[in-house]
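The residues making up each chain are set out below.
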Amino acid sequence: MHSPVSVERTTGSIDGNHYETVIIGAGMSGLAAGIRLAYFGKNVLILERHNAAGGLNSFYSFQGRKYDVGLHAMTNFVRSGTKGTPLGKVLRQLRLERESFDLSEQKGSRIIFPGVELQFNNDFELFESEVIRAFPHEKDNFAKLIELIRSFNEVALDNEETSARVEIAKIIKDPLLIDMILLPLMYYGSAQENDMDFSQFVVMFKSLFFEGFARPFEGVRQIIRVLLKRYKELGGQRKMKCGVKQIILDKDQVKALELDNGDTITADKVISSAGLVETLRMCSDHPTTTGNDNIGRISCMETTTVLNKEPSEFGWEDTILFFSDQAKAEYACPKNLVDPRSGVVCLPNNYQYGEGRTLEEGFLRITALANFDKWTQLPEEEYQASKKEWHQVLLDKALHLLGTKTIQDVQPHVITTDIFTPRTIKKYTGHLAGALYGAPHKTRDGRTPIKDLFICGTDQGFLGIVGAMLSGISMANLHILQPSS
């Protein structure tokens, strides 16, 4: 059940309806932008259409149980004392203690393709040795690719968009190795089909392989709780269950924001984490076709199976599996409801939480690409039946990868299941077509055609939970705190 509109006010707005900055969306990027601005005394309001913060990386309660949405792993993990990393920058810019996130690193993960697999963990040397073992003929070329990645400035806002697949193929000659490197990075951050921008490739390669995976013991709600607490401490204001119905323009400037509840507020500047196309469509006097060629097609279905045993009791020791049934991996909107030929299997229990800390139940999460249009066309009864049918297909696939022969070995231990589809993503993120990672072509500097209206988050282009927070920080710094730049 939805709660009533909640409003936190620790400082008053300038005239009751005017704010220095309004942020659309209480996802990771919006919250980080709000914290950064509130720290410097800016009068800031965050508007969120739903009753929970976090956006794509949030959680929900169902039948007394909390489920994470989005968070398989927090990428960009580095151990304490490591300097010059995105995680360190986020903590410094938001004035947060590392311990507040309560991060535990992964045990170990795998990339599985027909006839070959690569193991990796949070020590890059393992992945490097695995590539050399499986592809000895690419040893020197892989070293050249690593040298390029290390020297590349992936966060430069003026980087031109280029194909990662094309750039990698200039160095790596084995197409199987190219696909095995790309698949996890695409699944964790590409809005493009079968490819990604090279700058984003470097971001993701560093965040997954140079740095690594971690998870808060309590899941994503731990991160959200920390961010909300910090924002409130600094005097930030937020309105939940109160989205923006329309951004009213005066020529090329923001004049006011009309809210879902009928209120109208004004702001000197607006930062939106709702997506580029979605934000421009909120603007008055803009055609509804704005940005049709930049609507993402990558969406997914995810199933969660809750068990009365730890995964390790079934012999499942991996943290995350990235898999493809084909040597040439397919990462594109499927023709059918779901494409089970590739995907991600996540076992949230398999992090190094420490002595005496185990999750109360076992969890098996499976993610595969899905077709938004086909899911939205289903009548409700058929929709529910299809969810159950595809859950079974994906569960069978995951059990095979994990080495469990039949579902009968697991079925007696299943407590419950839950499933979300592209329809769910559209409902809770507002992303057109249920696009998991937003628009294929990003707006790296965060600017829009509208003066004083900026983009942060998914469509700005920094990826993952840490990347999203860094996006909010960077856009707040660039456009609000240092407007002359």
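Residues numbered from 1 in each chain as written. Predicted model: local features only at pLDDT ≥ 70, side-chain atom pairs only at ≥ 80, totals over all residues. Heavy atoms only, no water.

**Describing empty space enclosed by the protein**
Operational definition: Two kinds of site are reported from a 1 Å grid over the protein atoms alone, namely cavities, where a 1.4 Å probe fits but cannot get out, and pockets, open sets with protein on both sides within 12 Å along at least five of seven lines, and residues are called lining when an atom falls within 4 Å of a point. Grid points are joined across faces, edges and corners, and a volume is the space filled by probe spheres set on the points. Here the term charged refers only to Asp, Glu, Lys and Arg, the term nonpolar to Ala, Val, Leu, Ile, Met, Phe, Trp, Tyr, Cys and Pro, and the term polar to all other amino acids, Gly among them. Only DSSP runs of H or I covering at least 4 residues are called helices, and only runs of E covering at least 2 are called strands; the numbering of each starts at the N terminus.
Within the structure shown, the criterion is met by 2 cavities of 30 Å³ or more. Size it by volume and the largest cavity reaches roughly 60 Å³. Along its surface, the largest cavity is lined by 13 residues, and Glu278, Asn294, Gly438, Ala439 and Asp459 are the ones closest to its centre. Grouping the constituent residues of the lining of the largest cavity by class yields 5 nonpolar, 6 polar and 2 charged. What the second largest cavity holds in volume is close to 30 Å³. Around the second largest cavity, the lining residues are Tyr60, Tyr67, Asp68, Glu302, Thr304, Asp418, Ile419 and Phe420. Of all the secondary structure elements, the ones that give two or more residues to the lining of the second largest cavity are strand 5 (65-69), strand 14 (299-307) and strand 18 (414-420). Broken down by element, the lining of the second largest cavity gets its largest block of residues, 3 residues, from strand 18.

**Details of helix 7 (residues 198-211)**
To be explicit about the condition: Between the first and last residue of a helix there are one fewer steps than residues, each counted as 1.5 Å, and that sum is the expected span. To get the bend at a residue, fit one axis to the 7 residues ending there and another to the 7 starting there, then take the angle between the axes. With a 1.4 Å probe rolled over the protein chains alone, any residue whose accessible area is under 20% of its type maximum counts as buried; one over 50% counts as exposed, and the rest are partly exposed. N or O atoms within 3.5 Å of each other form a polar contact, as long as, within protein, one can give a hydrogen and the other can take it, and as long as residues adjacent in sequence are counted only when both atoms are side-chain atoms.
For helix 7, which comprises 14 residues, the first-to-last C-alpha distance of 18 Å matches the rise-based estimate of 20 Å (1.5 Å per residue) to within 8%. Roughly 25° is the biggest bend found in helix 7, and it falls at Phe205. Burial of helix 7 is extensive: 14 of the 14 residues sit out of reach of the surface. Its side-chain oxygen 3.3 Å from the backbone nitrogen of Ser199, Asp197 forms the N-cap of helix 7.

**Quick word on the side chain of Thr21**
Here is the rule we go by: In this analysis, two residues are considered to be in contact whenever any of their non-hydrogen atoms come within 4.5 Å of each other.
Along the chain, Thr21 falls in strand 2 (residues 18-24). Taking relative accessible area as the criterion, Thr21 reaches 1% and is therefore assigned buried. Contacts of Thr21, omitting those with residues within four sequence positions, involve Leu37, Asn43, Val44, Leu45, Lys269, Ile271 and Ile480.

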